[in-house]
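# What the coordinates show
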Amino acid sequence: MQRVGIGYDVHQLVEGRKLVLGCVEIPHTKGLDGHSDADALSHAITDAVLGALGESDIGHFFPNTDPRWKGAPSHVFLAEAGRQVVARGGRIVNVDATLMAERPKIAPHIASMKERVGAALGIPAKRVGIKATTNETLGFIGRQEGIAAMAVASIELPEEA
Ligand code: MG
């Protein structure tokens with residue numbers, strides 16, 4: 001059985017935080033605020049995979065009230081989503097994501113992001129799509145107040161799962 005899922009996430013850009021996107025730390029004047037490492041791209045992909053399973057979202061598996069996930073690297077969340085697929089006897093076919101960020105330039109980091117996200121999910125980098133766009137200076141993304149990401153995931157599950 002083929003299944004698809006969708007995910008979306010946004011985090012606020014603030015001073016004094018590291019910027020982590022797609023499990024890669026990117027040099028920038030600001031970083032994303034949140035309980036974990038606030039990696040909006042990895043969170044959107046995690047939700048897409050969980051959504052394809054018909055599972056609850058990332059906040060259900062990793063509540064932001066739980067001190068265990070404070071500052072948590074988001075490869076942990078991706079790995080758990082991948083593990084849930086395997087536990088149901090399935091496999092991830094591919095994931096695809098778009099990052100919406102006015103700055104910094106994302107293109108130089110995309111190859112590393114694909115490698116790390118793929119490794120965390122347990123799939124080859126070539127089955128991880130990551131694109132980035134600016135918001136043409138419009139809205140909160142354009143004003144560099146935050147960074148958002150959307151993602152889809154395709155998985156195969158046994159008929160009975
Ligand atoms: Mg998030």
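The following paragraphs examine the structure supplied in this document.

It is worth spelling out the coordination of the magnesium ion at this point. Within the protein, the atoms that donate to the magnesium ion are D9 (OD), H11 (NE2) and H43 (ND1), at distances of 2.1 to 2.2 Å. The sequence motif formed by the donor residues of the magnesium ion is D-x1-H-x31-H. Within this pair, whereas H11 is found in strand β1 (residues 2-14), its partner H43 is found in helix α1 (residues 40-52), the two being separated by 32 residues in sequence. Using a relative accessible area of 15% as the deciding quantity, one classes H11 as buried. For H43, a relative accessible area of 6% puts it in the buried group.

Let's shift gears to the pattern of salt bridges. Summed over the entire model, instances satisfying the criterion amount to six salt bridges. With its nearest N and O atoms 2.9 Å apart, the salt bridge here joins R68 to D66. The class for D66 is buried, based on a relative accessible area of 16%. Salt-bridge contacts for K131 lead to D96; the nearest nitrogen and oxygen are separated by 2.8 Å. In this pair, K131 is assigned in strand β6 (residues 128-133) and D96 in strand β5 (residues 91-100), connecting sequence segments 35 residues apart.

Nonpolar side chains collect at one region of the surface, where Y8, V10, F140 and M150 lie side by side and expose about 360 Å² of accessible area between them. Relative to the assigned elements, F140 resides in helix α5 (residues 139-142). Residue F140 is classed as partly exposed on the basis of its relative accessible area of 35%.

Parameters at a glance
Here the residue numbering is sequential within each chain, running from 1 through the sequence in written order. Per-residue local features of the predicted model are confined to residues with pLDDT of at least 70, and side-chain atom pairs are confined, for both listing and counting, to 80 or more; whole-chain, interface and lining totals are unaffected and use all residues. Just so you know, side-chain values use all the structure's heavy atoms and leave hydrogens and water out. As a rule, N, O and S atoms within 2.8 Å of a metal are its donors, except that Na, K and Ca use 3.2 Å; water is not among the atoms, so sites may look incomplete. By definition, any uninterrupted DSSP run of H or I lasting at least four residues is a helix, any uninterrupted run of E lasting at least two residues is a strand, and each is numbered from the N terminus. The buried label goes to any residue with under 20% of its type's maximum accessible area, the exposed label to any with over 50%, and the partly exposed label to all in between, with areas taken from a 1.4 Å probe on protein chains only. Salt bridges, as used here, are contacts in which a Lys or Arg side-chain nitrogen is within 4 Å of a carboxyl oxygen on Asp or Glu. Grouping into patches uses exposed residues only, defined as over 30% relative accessible area, and leaves out salt-bridged ones; the cut-off is 9 Å for like charges and 5 Å for nonpolar side chains (Val, Leu, Ile, Met, Phe, Trp, Tyr). Exposure was quantified through the Shrake-Rupley algorithm and a 1.4 Å probe, taking into account, for residues, occlusion by the shown protein chains and nothing else.

In short, the description is geometric, and any link to function would need to be established separately.
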